[in-house]
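# A structural walkthrough
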Amino acid sequence: MAKFTYHQNSIACLYQGEWLDSILELRYILSVEESHCWLREDLSIYYNLDEAPEGIKGGLKTYTPDFLVRNIYTGKATLVELKPSAYDDHWELLRRRKIAENFIQFMGFDWDFKVVFSHQIVLPRRAQLKFDNFLDKWRIGFSPQKLYKLDCQSLSYSDFVMYGGSQAIVT
């Protein structure tokens, strides 16, 4: 099977101080932001550490999921990999799932791993309006620097990753 190739250039944007690589990523975040907090940075998973290293980076490979989201109400965390609907490299997705699940188990985190395809993303009405506004501004040449959402929590990065993002969970 031939390797999947993307046929459109991605539109990057800044949202909540984080660079998103594509409109797909923006759509996903808008679809879950009312009920989830999210992280994008520092999500690289190193694997194949048992290989004989050649210098510091020899034998190391990285996989970086798109997001870590944590449900505000339940505290449930999920590593999320986003793909367009036409993505058909099932072997690559199986490899990423195995790497992510091995990492989660090794670290003892309470996370799950999930692949989300573009056709599975449904925007609530408010999120759709925000998304349409972004696209309208982008089409006329204005690239908004920020879209705003309510601050969902004030926990630190390590609190979010290790102990849960919900204030109802971490008291």
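Report on the accompanying structure. (Residues numbered from 1 in each chain as written. Predicted model: local features only at pLDDT ≥ 70, side-chain atom pairs only at ≥ 80, totals over all residues. Heavy atoms only, no water.)

### A short note on the overall build of the chain
Applied cut-off: Secondary structure elements are defined from DSSP: runs of H or I of at least 4 residues count as helices, runs of E of at least 2 residues count as strands, and each element is numbered from the N terminus. Note on classification: 1.4 Å probe, protein chains only; a residue is buried when its accessible area is under 20% of the maximum for its type, exposed when over 50%, partly exposed between these limits. The contact criterion used is simple: two residues touch if any of their non-hydrogen atoms lie within 4.5 Å. Using a 1.4 Å probe, accessible areas were evaluated by the Shrake-Rupley method; residue-level cover was limited to the displayed protein chains.
When you go through the chain residue by residue, the secondary structure sums to four helices and eight strands. Each helix (α) and strand (β) of the chain, taken in turn from the N terminus, gives the series β-β-α-β-β-β-β-β-α-β-α-α. By the burial criterion, 42% of the 171 residues in the chain qualify as buried. Partitioning the intrachain contacts of the chain with sequence separation of at least 6 by distance along the chain shows that 60% fall at a separation of at least 24. Of the roughly 10,800 Å² of accessible surface on the chain, a fraction of 54% belongs to carbon and sulfur atoms.

### Considering the pairing of strand β7 (residues 77-83)
The test is simple: Here, a strand pair is defined by DSSP locating no fewer than two bridges between the strands. We call a crossover right-handed when, viewed with both strands directed away from the observer, the connection leading from the first strand over the helix to the second proceeds clockwise.
Counting buried positions over the seven residues of β7 gives seven, a clear majority of the element. With burial as the criterion, each face of β7 is covered, one bearing Ala-77, Leu-79, Glu-81 and Lys-83 and the other bearing Thr-78, Val-80 and Leu-82. Summarising the sheet, strand β6 (residues 67-71) and β7 pair through four bridges and their orientation is antiparallel. Across the sheet, the residue bridging to Leu-68 is Leu-79, located in β7. Once β6 ends, the chain turns through five residues before running back antiparallel as β7, passing Gly-75 with a positive phi of about 80 degrees. The pairing of β7 with strand β8 (residues 111-117) spans seven bridges and is classified as parallel. Its bridge partner lying in β8, Ala-77 is registered against Trp-111. Taken together, β7, helix α2 (residues 90-107) and β8 form a β-α-β motif whose crossover is right-handed.

### Quick word on the packing of aromatic side chains
Short version of the rule: Each pair of aromatic rings taken from Phe, Tyr and Trp, with Trp reduced to its six-membered ring, is defined by centres within 6.5 Å and is described as stacked if the planes are under 30 degrees apart, edge-to-face if over 60, and tilted in the remaining cases. Note on geometry: a ring has a charge over it if NZ (lysine) or CZ (arginine) is within 6 Å of the ring centre and within 35 degrees of the ring normal.
Within the structure shown, the criterion is met by six aromatic pairs. With 6.0 Å between their ring centres and 70 degrees between their planes, Phe-103 and Phe-109 make a pair best called edge-to-face. Through a chain of ring-to-ring contacts, three or more aromatic side chains come together here, namely Tyr-15, Tyr-28, Trp-38 and Phe-67. One Lys or Arg, Arg-40, reaches over the ring of Phe-67 and ends 5.6 Å from the middle of that ring.

By themselves, these are just geometric observations and shouldn't be taken as functional.
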